[in-house]
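# Working through the structure, step by step
Single-letter residue listing:
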Amino acid sequence: QVQLVESGGGPVQAGGSLRLSCAASGYTSSTYCMGWFRQASGKERERVAAICNGGPITYYDASVKGRFTISKDNAKNTVYLQMNSLKPEDTAMYYCAASRYLGSLESGTPDYWGQGTQVTVSS
């Protein structure tokens, strides 16, 4: 079974940057897509960004476009989320996800979830 472990979260001042990492272990096929979701207190989980193995970036949520960048290192089985110009509204638990098909990732029903890493942006 695929295991996803996030790291890199923490407290940061508004306008600062963080780089989240998600390391995948266990078997993953070459067709797996990976992405990031986030969930703030009292709100529903929302999509942030996604990328497919060996393919281009699939999407960014409008709220992060131009500030966040998703990338993947296939040799390390790791996906990254570079977050710049952070805002207090970016405060949330960030979850890594993986799916065999892009559609399930886009719909918010991935095959695998990580446990999350907390990002807290203060003004």
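To be clear, the structure that these remarks concern was listed above.
The rules behind each value
- Residues numbered from 1 in each chain as written.
- Predicted model: local features only at pLDDT ≥ 70, side-chain atom pairs only at ≥ 80, totals over all residues.
- Heavy atoms only, no water.
- Pairing = 2+ DSSP bridges.
- Helix = DSSP H or I, 4+ residues; strand = E, 2+ residues; numbered from the N terminus.
- Axes fitted to C-alpha atoms, helices over the stretch in contact; angles between N-to-C directions.
- Buried < 20%, exposed > 50% of the residue type's maximum accessible area, 1.4 Å probe, protein only.
- Disulfide = S-S within 2.5 Å.
- Phe/Tyr/Trp six-rings, centres within 6.5 Å; stacked < 30°, edge-to-face > 60°.
- Lys NZ or Arg CZ within 6 Å of the ring centre and 35° of its normal.

### Quick notes on the sheet that holds strand S3 (residues 18-25)
The strand order S1-S3-S8-S7 describes an open sheet built from four strands, whose pairing is antiparallel. Each edge of the sheet is formed by a strand with only one pairing partner; in this case those strands are strand S1 (3-7) and strand S7 (68-73). Within this sheet the neighbouring strands show an average axis-to-axis angle of 15°, counted without direction.

### Some words on the pairing of strand S4 (residues 33-39)
Across the seven residues of S4, six count as buried, placing the element largely inside the fold. For S4 and strand S5 (residues 46-52), the ladder comprises six bridges, and the chain directions are antiparallel. Paired with Trp36 across the bridge in S5 is Ala49. As consecutive antiparallel partners, S4 and S5 are separated by six residues, and within that stretch Gly42 has a phi angle of approximately 80°, a positive value. Inspection of the sheet shows S4 paired to strand S9 (residues 92-99) by seven bridges, in the antiparallel sense. Within S9, the position partnered with Cys33 by the bridge is Ser99.

### Examining the state of the cysteines
A full pass over the atoms with the stated rule returns two disulfides. The side chain of Cys22 participates in a disulfide bridge whose partner is Cys96; the two sulfur atoms lie 2.0 Å from each other. Sign of the S-S torsion, about -85° for the bond between Cys22 and Cys96, identifies this disulfide as left-handed. With Cys22 in strand S3 and Cys96 in strand S9, this pair connects stretches of sequence that are 74 residues apart. The pair Cys22 / Cys96 is uniform in exposure class, with both members buried. Sequence-ordered numbering of the disulfide-bonded cysteines in the chain gives the connectivity 1-4, 2-3.

### What about the packing of aromatic side chains?
Applying the stated criterion across every chain yields a total of two aromatic pairs. Ring geometry for Phe37 and Trp113: centres 4.9 Å apart, planes at 65°, overall edge-to-face. One end of the pair, Phe37, is in strand S4; the other, Trp113, is in strand S10 (residues 112-113), and 76 residues separate them in sequence. Residue classification places Phe37 among the buried positions, given a relative accessible area of 2%. Overall, the relative accessible area of 31% leaves Trp113 in the partly exposed class. Taken together, Phe37, Tyr95 and Trp113 form an aromatic cluster joined through their ring pairs. Against the face of Tyr80 rests Arg19, its NZ or CZ located 3.9 Å from the ring centre. Taking NZ or CZ as reference, Arg45 lies 4.1 Å from the ring centre of Tyr95, over its face.

### Description of unusual backbone geometry
With a phi close to 50°, Asn77 is a non-glycine residue in the positive phi region. Assignment of secondary structure puts Asn77 in the loop between S7 and strand S8 (78-83). Given a relative accessible area of 33%, Asn77 falls into the partly exposed group. One non-glycine residue, Ser85, lies in positive phi territory at about 50°. Mapped onto the secondary structure, Ser85 falls in the loop between S8 and S9.

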